[in-house]
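# Observations on the model geometry
Chain by chain, the residues:
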Amino acid sequence: MRMNEGLASLSRNASSGTVLAFDFGKRRIGVAIGEYELRLAHPLTTIDQVVTKLRFDSIAELLETWQPVLLVVGLSVHADGTEHELTHLCRRFARRLEGRFGVPVVLVDERYTTITARSALEEAGVSGRKQRPMIDQIAAQHILQSFFDASYAAS
């Protein structure tokens, strides 16, 4: 499991099915969904929970419902690409997802996704505090869409 590694082989091996993406945060986890064939991401939900067991219970329900063939996790890094505390937490989260659920996980650079998500919400007329319940799932949508776009370009 490496950031953006193996996109061409993934797109050849997993050319159909549902993909779930996660925008991991210490407080909230945004979730997006897309179908591999359509390569179009949609926001799904936000898991607003800090207790690890409850977070993974919520994720287990999502996986049971949607039966994804692949999970995508946004990898948080500084603008210059250097890692920080959240980078390590994102990697740990991705490893735990793969180990616990047995679904392949890909890490995708998530730089600027929160900024672009905030912009998209403002363009849609959602601003200030009204963004809070949606921002993480919109960021997850941007993460998943960037994965789809990169995997399409690699194929």
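Source: prediction; values computed, not measured.

## A short note on the overall build of the chain
When helices and strands are tallied, the chain shows five helices and five strands. Seen in sequence order, the chain has helices and strands lined up from the N terminus as α-β-β-β-α-β-α-β-α-α. Per-residue burial for the chain yields a buried fraction of 43% across its 155 residues. Sequence separation of 24 or more characterises 65% of the internal contacts of the chain that already satisfy a separation of 6 or more. Summed over all atoms, the accessible surface of the chain reaches about 8,100 Å², with 50% contributed by carbon and sulfur.

## Quick notes on the packing of helix α2 (residues 52-66) against helix α3 (residues 85-101)
Think of two packed helices as two axes; the pair is described by the angle between the axes and how far apart they sit. Across the interface, α2 lies against α3 with an axial gap of 12 Å and an inter-helix angle of 55 degrees. Taken as axis vectors, α2 and α3 run oblique relative to one another. α3 is crossed by α2, and the crossing has right-handed handedness. Of the residues in α3, those in contact with Thr 52, Phe 56, Ile 59, Ala 60 and Leu 63 of α2 are Phe 93, Arg 96, Leu 97, Arg 100 and Phe 101.

## Re α2
For α2, with 15 residues, the first-to-last C-alpha span of 21 Å sits near the 21 Å given by 1.5 Å per residue. Among the residues of α2, those classed as buried are Arg 55, Phe 56, Ile 59, Leu 62 and Leu 63. Looking down the long axis of α2, one finds its buried residues gathered within 115 degrees of arc, a one-sided arrangement. Across from the buried face of α2, at angles greater than 90 degrees, the exposed residues are Lys 53, Glu 61, Glu 64 and Thr 65. On the buried face of α2, the contacting elements are β1 (18-23), β2 (28-35), β3 (40-48), β4 (70-75) and α3. One or two positions beyond α2, positive phi appears at Gln 67, with a value near 50 degrees.

## Things to note about the pattern of salt bridges
Between side chains of opposite charge, pairing is possible as soon as their charged atoms come close. Summed over the entire model, instances satisfying the criterion amount to four salt bridges. Measuring nitrogen to oxygen at the nearest pair gives 3.1 Å for the salt bridge that ties Glu 85 to Lys 26. Here Glu 85, found in helix α3, pairs with Lys 26, found in the loop between β1 and β2; they are 59 residues apart in sequence, far enough to count as distant. Here Lys 53 and Asp 57 are joined by a salt bridge, their closest N and O atoms 2.8 Å apart. Here the residue Lys 53 and the residue Asp 57 both occupy positions in helix α2, the gap between them amounting to four residues, near one helical turn. Residue classification places Asp 57 among the partly exposed residues on the basis of a relative accessible area of 32%.

## A look at the nonpolar core
In this structure, Phe 22, Ile 59, Phe 93 and Leu 97 are the most contacted members of the largest nonpolar core, which totals 22 residues. Secondary structure elements with two or more residues in this core: β1, β2, α2, β4, α3 and β5 (105-109). Other than its neighbours up to four places away in sequence, Ile 59 contacts Phe 22, Ile 29, Ile 47, Phe 93, Leu 97 and Phe 101. Residues Ala 21, Ala 32, Leu 70 and Val 72 belong to the second largest nonpolar core, which totals 14 residues.

Conventions we followed
Residues numbered from 1 in each chain as written. Predicted model: local features only at pLDDT ≥ 70, side-chain atom pairs only at ≥ 80, totals over all residues. Heavy atoms only, no water. Helix = DSSP H or I, 4+ residues; strand = E, 2+ residues; numbered from the N terminus. Buried < 20%, exposed > 50% of the residue type's maximum accessible area, 1.4 Å probe, protein only. Contact = heavy atoms within 4.5 Å. Areas by Shrake-Rupley, 256 points an atom, 1.4 Å probe, with all protein chains shown as cover. Axes fitted to C-alpha atoms, helices over the stretch in contact; angles between N-to-C directions. Parallel < 35°, antiparallel > 145°, perpendicular 65-115°, else oblique. Left-handed = near helix turned anticlockwise from the far one by under 90°. Expected span 1.5 Å × (residues − 1). Arc of directions from axis to C-beta. Salt bridge = Lys/Arg side-chain N within 4 Å of Asp/Glu carboxyl O. Core = buried A, V, L, I, M, F, W, Y, C linked by side-chain atoms within 4.5 Å.

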